[in-house]
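Fold and geometry: a report
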Amino acid sequence: MSRKFTPKVVTGNALIEGDAVWLTEDDRWTREMSEAELIEDEAHAQMRLLFGQSQPSVVVGVYLADAKAGLNGPEPTHFREDFRTRGPSNYPHGKQATA
Amino acid sequence: MYSYSEFDEAFVRERVSQFRAQVERRIDGSLTEDEFKPLRLMNGLYLQLHAYMLRVAIPYGTLAPHQMRQLAMIAERWDKGYGHFTTRQNIQFNWPKLKDVPDILDALADVEMHAIQTSGNTIRNVTADHFAGAAADEIADPRPVAELLRQWSTDHPEFQFLPRKFKIAITGSPNDRAVTKAHDIGLRMVRNEAGEEGFEVIVGGGLGRTPMIGKVIREFLPREDLLPYVEAIVSVWNLLGRRDNKFKARIKITVHEHGIEEIRRLVEDRFTEIRPGFSGVDQEVLAGLEAAFARPSLPERSLGGFESAYTNDPVFRAWSDTNVAEHAVPGYGIVTISLKAHGKTPGDASADQMRLMADLAEELGHSEIRISHEQNVILPHVHKSDLPRVHAALKEAGLGTANVGLASDIIACPGMDYCALATARSIPIAQEIAERVDELKIEHEVGHLKIKISGCINACGHHHVGHIGILGLDRAGVENYQITLGGDGTESASIGERAGPGFSADQIVPAIERLILAYLDLRESDSETFIQSYRRLGPAPFKAALYPETAEKERADAA
Ligand code: SF4
C-alpha cells in the first residue's frame, strides 16, 4: 500500500543574493512561492528536483518542500517554509520589504 | 594595545585574493556548489534562510575604535545598516551579496580583521573574560595567557588531528565571566593559601547535544606549569578520545566514560613526563605578551561630576548601578553598553550606534572596546566623572538601557529568523519577554536573572546555563518552547533541568511571567536572587507556577 504523496515544490536560494526561490512550471525561478509549480506526483517531483539541481550557477541548495494548493497558488505547510516566503520577524527585511 | 599577531597582513590579503578568484569562478559556473561550499565556509560565509551571512572574528572580544567604525561602514555599504554581535564574540552581517563578499573581506583586512574560520579538529580560538584587564576582582589579565596558548597550539605537530575540535576558555578572576566550566578546558585564575597565583584547571565541560559541567582536574596549578599541563590533558585525550563517533569524541565524553580520577592520574603521569622539556622559553614569551597587553595609564582625577549626577539624576543612577562594574583602579568604572533595548533584537547595533560607541571609546574610554559573549559592548576604562557624559550620549542613541544582568538582558541566538539549522525562532521570544517585563516595571525589583534562548539543540544561546533557559523546537510542525530551570554559567556552574512539557509560541511569554512573579513571592528577602531561591526550594514551586492546572489537579487528587 502506498502512502498518499504530499504535494511538493522545488525550492532553493538564488546564487548571488541568497534569496529563497521556487521553480515554476515553465522552468523559471520565481521569488514568489505562489508562482511555483505544485507537484502532485512523486516521480515527477524527482524529475523536477533533478532539473532544479542541474542549474548550480543560478540556484544553491535545491530541495523538495511540502506545500498545498491555495487560492493564489502553492502555499507552505510548515512554518520554516512560511518564513522563507516572507523574511525575518524582527525587521521588515527580505521579501516582505518588497511585497 | 596589543596587535593580534595571528593577523599577518600578507597572509590575509592572499586569502582574500584567492577567495575573490573562487567567487568569480563560482559565479561563472566553473566551480560547483559542492566545490565552493568548503571554500566559502573557511572564509566565514554561510548560506542562511533568506540570504548569505558573513561571520567576522573579534579575538578576545577586543576591538579598537577604528575597527568598530569600519564595521559600521561595511554594514552601511554592503549590508542593511546593522550588525549582529553573537554569543561567540563574533559579528555577523546578515545580508551580504555573494559578489560583494571579497570587497568586504578587503575592507576588514584594511583594519586588521578577517572572517577566516578556524576549522577542523584542532585547538580553536581561546576565549577570555570580557572584563579582562579592567575588573576589580581580577588577579591578572588572562589575555596574555590566552594568546600564549593560541601561539603554542597553532601548528603544534601533535595536535593537528585531534579526535574533535577543542576549546579553551580562561578567566583572570575567581568570578567566572567566561563560562569556563562549559569548555573542553577551563582555566580560572586563583591564589593558593600562600598567596601565589595559579590556575584552577577544569576539564570536560560543554553545551550542545550532551551538556556537561566541567570537572576540576587540578585545584591549583602554578602559572609556569600551564603549558605542559594543558599539553598533558590534550595528549591524554588524543589517545583515549573516541574517533569512531562524532557525537562521542569531545573530551566531555572521555571524562564521563573514564571518570575524572582516571583522567587525572593519566594527565599527572604525562605531565611529570613532559614537564622537564619546558625550559622556560614560554615564560619569556609570556612576559613579552604581558607588556603588550598592558593596561593604559589611568590618571587619578576628581569624582565631582559623577557624585552630583549620581545624587540628582535617578535615570543616571539606575544605569550606573546596573551597567557599570567595579574597576581595578579607583575612580574608574567598566561600562557595559546594553544592546538589549526592550523590544529590540539582542546583540544588534546599527551603523550609527557603532560609530557612536567608537567615538565614546576614543574620547572617554582610552580607545578600548570589548564585545561580551552576552551580546553587549563594553568600554573597559571610563573615569567615573565621565560617566554622565557617556550615559547622556548613549541614551540619545537608544543605547542607554539600564538592564545589564536583569531579566531583559536576554541572550538569544538568531534562531529561525536567520539560521538554516534552527528548529524555531528565538528573537521574537526575547523581544516579547523584554517588552513584557518592561510593561510590568518589575525587572529592577526582580534583580539578577539570566534568561537564555536557543533556536535549536546546538545551544548557541547557552540555554543550558540560563537561570531560565528556553529551547525552541519543532513539535509536529509547530514551534514549541522547552523551559529549563536552575542553569548557571559562572564559577558555581550547573546545567538547567527541564521543567516539563513545552509551551507554544503564544504561551511561552505568559509562562515566563508566571515564573518571575512566583519567584517574587517565594524569595526570602529582596537580596535572594532567582537562582538562590531555586537552589533553596528546588524545582517544585517553580513548576507549580509554570503548570497551574497540573498543580491544581495534584492538589485535588491528594485531597
Ligand atoms: S542554536 Fe541552533 S538555531 Fe540558534 S544559532 Fe545555533 S544553530 Fe542556529
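Residues numbered from 1 in each chain as written. Chains lettered and ligands numbered in written order. Predicted model: local features only at pLDDT ≥ 70, side-chain atom pairs only at ≥ 80, totals over all residues. Heavy atoms only, no water.

Going by an unreviewed UniProt entry, chain B carries the name Nitrite/sulfite reductase and comes from Histidinibacterium aquaticum.

You'll find chain A entered in an unreviewed UniProt entry as DUF2849 domain-containing protein, with Histidinibacterium aquaticum given as the organism.

A closer look at the domain arrangement of chain B
Buried accessible area, meaning the area lost when the parts come together, often serves as the stated size of an interface. Residues and elements named next belong to chain B. Here chain B is partitioned into domain 1 (6-109), domain 2 (135-292), domain 3 (306-396) and domain 4 (411-558). Computed over C-alpha atoms only, the centres of domain 1 and domain 2 are separated by 31 Å. The partner domain 2 presents 5 residues to the 4 residues of domain 1 that form the contact. Viewed at the interface, domain 2 and domain 1 are joined by 3 residue pairs in polar contact (both at pLDDT 80 or more). Its residues placed into classes, the side of domain 1 that touches domain 2 shows 1 nonpolar, 1 polar and 2 charged. (Domains from an automatic or database assignment. Contact = heavy atoms within 4.5 Å. Polar contact = N/O pair within 3.5 Å; in protein donor to acceptor, adjacent residues only side chain to side chain. Nonpolar A, V, L, I, M, F, W, Y, C, P; charged D, E, K, R; others polar.)

Here's the deal with the pairing of strand E12 (residues 332-337) of chain B
Residues and elements named next belong to chain B. Buried residues dominate E12, accounting for 6 of its 6 residues. Because side chains alternate across E12, one face comprises the buried residues Tyr332, Ile334 and Thr336, and the other comprises Gly333, Val335 and Ile337, equally buried. Two strands pair when backbone bridges link them, and strand E11 (residues 324-326) and E12 are joined in this way by 3 bridges, in the antiparallel orientation. From the neighbouring strand, Val324 faces E12, where its bridge partner is Val335. Linking E11 back to E12 in an antiparallel pair, the connection comprises 5 residues, with Gly331 at a positive phi of about 95°. Of the pairings in the sheet, the one linking E12 to strand E15 (residues 377-383) comprises 5 bridges and is antiparallel in character. Considered in E15, the bridge of Tyr332 is made with His383. (Buried < 20%, exposed > 50% of the residue type's maximum accessible area, 1.4 Å probe, protein only. Helix = DSSP H or I, 4+ residues; strand = E, 2+ residues; numbered from the N terminus. Pairing = 2+ DSSP bridges.)

Observations concerning the environment of Leu227 of chain B
Assignment of secondary structure puts Leu227 of chain B in helix H6 (residues 226-240). Setting aside its immediate chain neighbours within four residues, Leu227 of chain B contacts Leu148, Leu149, Trp152, Phe278 and Asp282 of chain B.

Regarding the sheet that holds strand E6 (residues 127-128) of chain B
Residues and elements named next belong to chain B. Read from one edge to the other, the open sheet built from 5 strands follows the order E6-E7-E8-E9-E10, with strand pairing classed as mixed. Both outer strands of the open sheet, E6 and strand E10 (215-222), are each paired with one neighbouring strand and no more. Relative to strand E9 (residues 197-203), strand E8 (residues 185-191) runs antiparallel, the two sharing 7 bridges. Residue pairing across strands places Ile185 opposite Val203, the latter belonging to E9. Most of the contacts of helix H5 (residues 143-153) go to strand E7 (residues 168-171), to which it runs at about 160°, and overall it touches E6, E7, E8 and E9. Seen against the sheet, helix H8 (residues 260-274) touches E9 and E10 and runs at an angle of roughly 30° to E10. (Axes fitted to C-alpha atoms, helices over the stretch in contact; angles between N-to-C directions.)

Brief notes about the pattern of salt bridges
The full count for this structure, using the stated rule, is 53 salt bridges over all chains. Of the charged contacts, one joins Asp27 of chain A and Arg48 of chain A as a salt bridge, the two residues approaching to 2.9 Å between their closest N and O atoms. On the criterion of sequence distance, the pair formed by Asp27 of chain A in the loop between strand E2 (20-23) and strand E3 (29-30) and Arg48 of chain A in helix H1 (residues 42-53) is long-range, its members being 21 residues apart. A salt bridge links Glu37 of chain A to Arg48 of chain A; the shortest N-O distance between them is 2.7 Å. In this pair, Glu37 of chain A sits in the loop between E3 and H1 while Arg48 of chain A sits in helix H1, placing the two residues 11 residues apart along the sequence. With respect to class, Glu37 of chain A is no different from Arg48 of chain A; both count as buried. Connected via shared salt-bridge partners are Glu9, Arg13, Arg20, Asp103, Asp106 and Asp110 of chain B. (Salt bridge = Lys/Arg side-chain N within 4 Å of Asp/Glu carboxyl O.)

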